[in-house]
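# Residue-level structure breakdown
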Amino acid sequence: MKIRILGSAAGGGFPQWNCNAPLSRAVREGREGFLPRTQSSITASADGANWAIFNASPDLRQQIAASPMLQPRSRGPLRHSPIKSVVLTNADVDHIAGLINLREREPFTLYASTRVLTTLAANSIFNVLDPAVVPRRALPFNRPFALEGPDGALGLTIEAFPVAGKVALFLEEKGQADANFGTVEGDTIGLRIAADGAGQERACYYIPGCAAIDGALLDRVHGAGCLMFDGTVFTDNEMREAGVGEKTGARMGHLEISGPGGSLAGFQHLRAGRRIFVHINTTNPILEAGSAAERQVKAAGWEVGFDGMEIEL
Ligand code: MLT
Ligand code: MN
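Summarised in this report is the structure supplied together with it. (Residues numbered from 1 in each chain as written. Chains lettered and ligands numbered in written order. Predicted model: local features only at pLDDT ≥ 70, side-chain atom pairs only at ≥ 80, totals over all residues. Heavy atoms only, no water.)

### Section: the overall build of the protein
For clarity, the threshold we go by: Secondary structure elements are taken from DSSP: a helix is a run of H or I of four residues or more, a strand is a run of E of two residues or more, and numbering for both begins at the N terminus. All radius of gyration figures rest on C-alpha atoms, and the globule criterion is 2.2 Å times the number of residues raised to 0.38. Residue burial is assigned from relative accessible area. The probe radius is 1.4 Å, only protein chains are included, and a residue is buried under 20% of its type maximum, exposed over 50%, and partly exposed in between. Two residues qualify as a contact provided that any one of their heavy atoms is within 4.5 Å of a heavy atom in the partner residue. Working definition of accessibility: Shrake-Rupley area with a 1.4 Å probe, residue cover restricted to the visible protein chains. Under this rule, positive means Lys or Arg and negative means Asp or Glu; His and the chain ends count for nothing. One atom stands in for each charge, and that atom is NZ of Lys, CZ of Arg, CG of Asp or CD of Glu.
When helices and strands are tallied, the protein shows eight helices and 14 strands. The C-alpha atoms of the protein give 18 Å as radius of gyration, which agrees with the globular expectation for 313 residues (20 Å, within 12%). With the C-alpha coordinates of the protein rotated into their principal frame, the extents come out at 50 × 45 × 40 Å. With 313 residues in all, the protein has 53% of them scored as buried. Restricting the contact set of the protein to residue pairs at least 6 apart, pairs at least 24 apart contribute 67%. Carbon and sulfur atoms provide 51% of the accessible area of the protein, an area that totals close to 13500 Å². Averaging the positions of the 30 positive and the 33 negative side-chain charges in the protein gives two centres separated by 5 Å.

Here it is, written out as structure tokens:
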């Protein structure tokens, strides 16, 4: 199986359009050690010809332009695409807005939880993807199943599982702060992605949003070939410390990387082939090559995801 990170940044990208904090400024100025990053998405293929996209970011058009494997073949039919299916892990803007880029009556299969499908159905702009051309399928939880495109199975088996998280920002029930703003189980999911029949050592776990690590999650990802995990914030209150916002990582449904309850500590005993942070927010100091934060995550065996990073499992 081939995997490519299409976008390694969190919502807003890096730099975010209106952010002038030091990291955003540095990448905008093209300073050494800073890579621009588009918003959260990966793609995977078992055969190198047919691809599934996991999350459709607002930057999808740019991501396709940067990824030859997702473009029409030069000697192919007049209209076609190697993108055969799209799988969504939640209804956040950075994960669904890119669906709009895939209009033009090109068939593919769209998978999401029932809750996310309900959100898509309630927003008529997504009808640019006519369900007669782009069927919408509810993701089962905790059960492996074969991903299908319009021409049949893709050779990829995925398994979706709920993780701790939060309902999308624009769906929050403001009066329900104590009930996590109306979040229900399955609003945020993780995915196990593997070629059909591949064992755990060739599986990739893609979990771009996660608010907590529990024993069930540790057991699930144990021995994985690759773990791609929520790297939104290095410290829970970094947005406030940077003076760019009031929200903590926890308030947004994202677990911090550092600290005793963070993901470095939570996964410290994990056995996995590779571990890679994705969905990295514009305020996260791991975005600066050589920073203390970046050195700390590398010393703990983690890689900092970047756009165009490829993994073979
Ligand atoms: C998130 O991951 O928390 C969201 O993408 C935030 C947002 O919608 O900007
Ligand atoms: Mn996001």
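### A word on the side chain of Ser113
Within the secondary structure, Ser113 is located in the loop between strand S5 (109-112) and helix H4 (114-122). For Ser113, a relative accessible area of 4% gives the class buried. Sequence-distant contacts of Ser113, defined by excluding residues within four places in its chain, comprise Leu139, Phe141 and Gly186.

### Topic: unusual backbone geometry
The omega torsion of the bond from Phe14 to Pro15 falls at 0°, within 30 degrees of zero and hence cis. When you line up the elements, Pro15 lands in the loop between strand S1 (2-7) and helix H1 (22-28). Phi at Arg105 takes a positive value of approximately 60°, unusual for a residue other than glycine. With respect to the secondary-structure elements, Arg105 resides in the loop between helix H3 (93-96) and S5. Positive phi, normally seen in glycine, also occurs at Asn180, with a value near 55°.

### Things to note about the nonpolar core
The line we're drawing: Throughout, nonpolar core names a set of buried Ala, Val, Leu, Ile, Met, Phe, Trp, Tyr and Cys residues whose side chains join them through atoms within 4.5 Å.
By size, the foremost hydrophobic cluster in this structure holds 63 residues, and its most contacted members are Phe54, Leu147, Ile207, Met228 and Phe229. Ignoring any residue separated from it by four or fewer positions in sequence, one finds Phe54 in contact with Ser41, Ile42, Thr43, Ala44, Val87, Leu147, Ile158, Leu191, Ile193 and Tyr206.

### Structural notes on the state of the cysteines
Under the convention used in this document: Cysteine sulfur atoms that pair up within 2.5 Å are treated as a disulfide.
Overall, the coordinates contain zero disulfides when judged by the stated rule. Summary of cysteine pairing: Cys204 is not part of a disulfide, and the nearest cysteine sulfur, belonging to Cys226, is at 4.1 Å. We classify Cys204 as buried; its relative accessible area is 0%.

### Let's talk about the sheet that holds strand S10 (residues 204-207)
Worth spelling out the cut-off: Paired strands, in this sense, are two strands between which DSSP finds at least two bridges. Comment: axis = line fitted to C-alpha atoms, over the contacting stretch for helices; angle = value between 0 and 180 degrees taken between N-to-C directions.
Spatially, the seven strands line up as an open sheet ordered S7-S8-S9-S10-S11-S12-S13, and their pairing is mixed. The two strands at the open ends of the sheet, each matched to only one other strand, are strand S7 (145-149) and strand S13 (302-304). Taking the axes of each pair of neighbouring strands and ignoring which way they run, one obtains an average angle of 30° across the sheet.

### What to know about helix H8 (residues 292-299)
Defined as follows: This arc describes the spread of directions from the helix axis toward the C-beta atoms.
Along H8, the positions that sit buried rather than exposed are Ala293, Glu294 and Val297. For H8, the buried positions fall inside an angular range of 100° around the axis, keeping them on one side. Across from the buried face of H8, at angles greater than 90 degrees, the exposed residues are Ala292, Arg295 and Ala299. One or two positions beyond H8, positive phi appears at Gly301, with a value near 90°.

### A closer look at the environment of Leu287
Along the polypeptide, Leu287 turns up in the loop between strand S12 (272-278) and H8. On the basis of relative accessibility, which here comes to 2%, the residue Leu287 falls in the buried class. The sequence separation of Leu287 and Ala299 amounts to twelve residues, and the corresponding C-alpha distance is 15 Å. If near-sequence neighbours (up to four positions away) are discounted, Leu287 is found in contact with Phe14, Gly33, Phe34, Arg37, Ile280, Asn281 and Thr282.

### Description of the sheet that holds S1
Read across the sheet, seven strands follow the order S6-S5-S4-S3-S2-S1-S14 without closing on themselves; strand pairing throughout is mixed. Each of the sheet's edge strands pairs with one partner strand only, and the pair in question is strand S6 (136-138) and strand S14 (310-312). Recorded for the sheet is a direction-independent mean angle of 20° between the axes of neighbouring strands. Summarising the sheet, strand S3 (residues 51-54) and strand S4 (residues 83-87) pair through four bridges and their orientation is parallel. Residue pairing in the sheet places Ile53 in a bridge with Val86 of S4. Against the sheet, H4 makes contact with S5 and S6, and its axis sits at roughly 150° relative to S6, the strand it touches most.

### Remarks on the pairing of strand S8 (residues 152-162)
Sheet topology note: the S7/S8 ladder contains four bridges and is antiparallel. Considered in S8, the bridge of Glu148 is made with Ala153. Counted along the chain from S7 to the antiparallel partner S8, the turn is two residues long. The sheet contact formed by S8 and strand S9 (residues 189-195) spans seven bridges and is antiparallel. Of the residues in S9, the one forming a bridge with Phe161 is Gly190.

### Observations concerning the coordination of the manganese ion (ligand 2)
Formally: Atoms are scored as donors when they are N, O or S and lie within 2.8 Å of the metal, with 3.2 Å used for Na, K and Ca; no water is included, so coordination may look incomplete.
At this site the manganese ion (ligand 2) is bound by Asp94 (OD), Asp94 (OD) and His279 (NE2), with donor distances of 2.1 to 2.8 Å. A residue pair is termed long-range when its members are at least 10 positions apart, and Asp94 in helix H3 and His279 in the loop between S12 and H8 qualify at 185 residues. Residue Asp94 shares its accessibility class with His279, and that shared class is buried.

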